[in-house]
Amino acid sequence: MAGEKVKYDERGLIAAIAQDCESGEVLMQAYMNEEALRETLRTGYAHYYSRSRKTLWKKGETSGHVQKVISAAFDCDRDCLLLQIEQTGAACHTGNRSCFFQTKIAGERAGAVFLGELARVVKDRKEHPAEGSYTSYLFEKGIDKIAKKTGEEAVEVVIAAKNADREELVGECADLLYHLTVLMEEKGISLSDVCTELKKRHGG
């Protein structure tokens, strides 16, 4: 059993970090004991140990905000566990998607994390149209409009690449990524789907 090789601390616990499998965003950190780890591996859904209640709990057992485990890996010392997950709803008990929503000490969000946030906003605009929203407008017009705009932005990227203005190219790439995200959402394709395909090609 995997638990036999784990370096639990003096309380019989190991730190577990939950990370969005698509964007790489760190969502929360909690603790597992041997039983929690066993249940996580058995069910494919994250289980943790509550230090305050001194009991095993499944993430989302009451809220429905479950964490489907895509992969799990130990660090080099085997005293910390990294879970890559598909998060349903919010990971934080405050209602925020991530527990790390407080003011940042330094730096900006990593690019991949922001793409994940963009994808979620685009999805929300499709499910909950907002008056005056360009994204909602695109979904209202449908695939023909979305595909046309994506094609136009792709051409703009090519044109900008031929010019010497780096700022122009950055802007056009941003426009293309945005419209491509809308197109993917319209056709039911996720960042994870695309990344999986890229991994297959990289392996070749």
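Structural data are supplied above this passage.
Worth saying up front: this structure is predicted, and the values here are computed from it rather than measured.

Undergrad: Explain the overall build of the protein chain to me, please; I cannot follow it from the model alone.
TA: Assigned secondary structure in the protein chain consists of six helices and six strands. For the protein chain, the spread of C-alpha atoms along the three principal axes comes to 60 × 40 × 35 Å. Relative to all contacts within the protein chain whose residues are 6 or more apart in sequence, the contacts with residues 24 or more apart total 46%. When the accessible surface of the protein chain is summed, it comes to about 12,800 Å², and 53% of that surface belongs to carbon and sulfur atoms. Averaged over its 29 positive side-chain charges, the protein chain has a centre that lies 4 Å from the centre of its 33 negative ones.

Undergrad: Sorry if this is basic, but what is going on with the nonpolar core here?
TA: Grouped burial of nonpolar side chains is what soluble globular proteins tend to show. Counting residues in hydrophobic clusters, the biggest one holds 18 residues, and the most contacted among them are Met32, Tyr48, Leu81, Leu83 and Ile85. With four residues, strand β2 (residues 26–32) is the largest single contributor of residues to this core. Apart from the residues within four sequence positions on either side, leucine 81 is in contact with Ile14, Ala15, Ala16, Ile17, Met32, Leu37, Ala72, Ala73 and Phe74. Counting seven residues, the second-largest nonpolar core is a separate cluster that includes Leu138, Ile146, Tyr178 and Val182.

Undergrad: Explain the pattern of salt bridges here, please?
TA: Two side chains carrying opposite charge are able to pair once their charged atoms lie near each other. Overall, the coordinates contain 14 salt bridges when judged by the stated rule. The closest approach of N and O atoms between arginine 38 and glutamate 34, which form a salt bridge, is 3.6 Å. Of this pair, arginine 38 and glutamate 34 both sit in helix α1 (residues 34–43), separated by four residues, roughly a single helical turn. With a relative accessible area of 33%, glutamate 34 lands in the partly exposed category.

Scoring rules and cut-offs
Every residue gets a number counted from 1 within its own chain, in the order that chain's sequence is written. Residues qualify for local features only when their pLDDT is at least 70, as the model is predicted, and side-chain atom pairs are given and counted only at 80 or more; totals for whole chains, interfaces and linings, by contrast, use all residues. Values shown for side chains rest on all heavy atoms present in the structure; no hydrogens or waters enter the calculation. Runs of H or I in DSSP of at least four residues are treated as helices and runs of E of at least two as strands, each being numbered from the N terminus. When checking whether two residues touch, look at their non-hydrogen atoms; a contact exists if any pair is within 4.5 Å. Surface accessibility in these figures is a Shrake-Rupley result with a 1.4 Å probe; residues are shielded only by whichever protein chains are displayed. Working convention for charge: Lys and Arg count positive, Asp and Glu count negative, and His plus the chain ends are omitted. To locate a charge, take NZ of a lysine, CZ of an arginine, CG of an aspartate or CD of a glutamate. Buried Ala, Val, Leu, Ile, Met, Phe, Trp, Tyr and Cys residues form a nonpolar core when they are joined through side-chain atoms within 4.5 Å. The buried label goes to any residue with under 20% of its type's maximum accessible area, the exposed label to any with over 50%, and the partly exposed label to all in between, with areas taken from a 1.4 Å probe on protein chains only. Whenever a carboxyl oxygen of Asp or Glu lies within 4 Å of a side-chain nitrogen of Lys or Arg, that contact is scored as a salt bridge.

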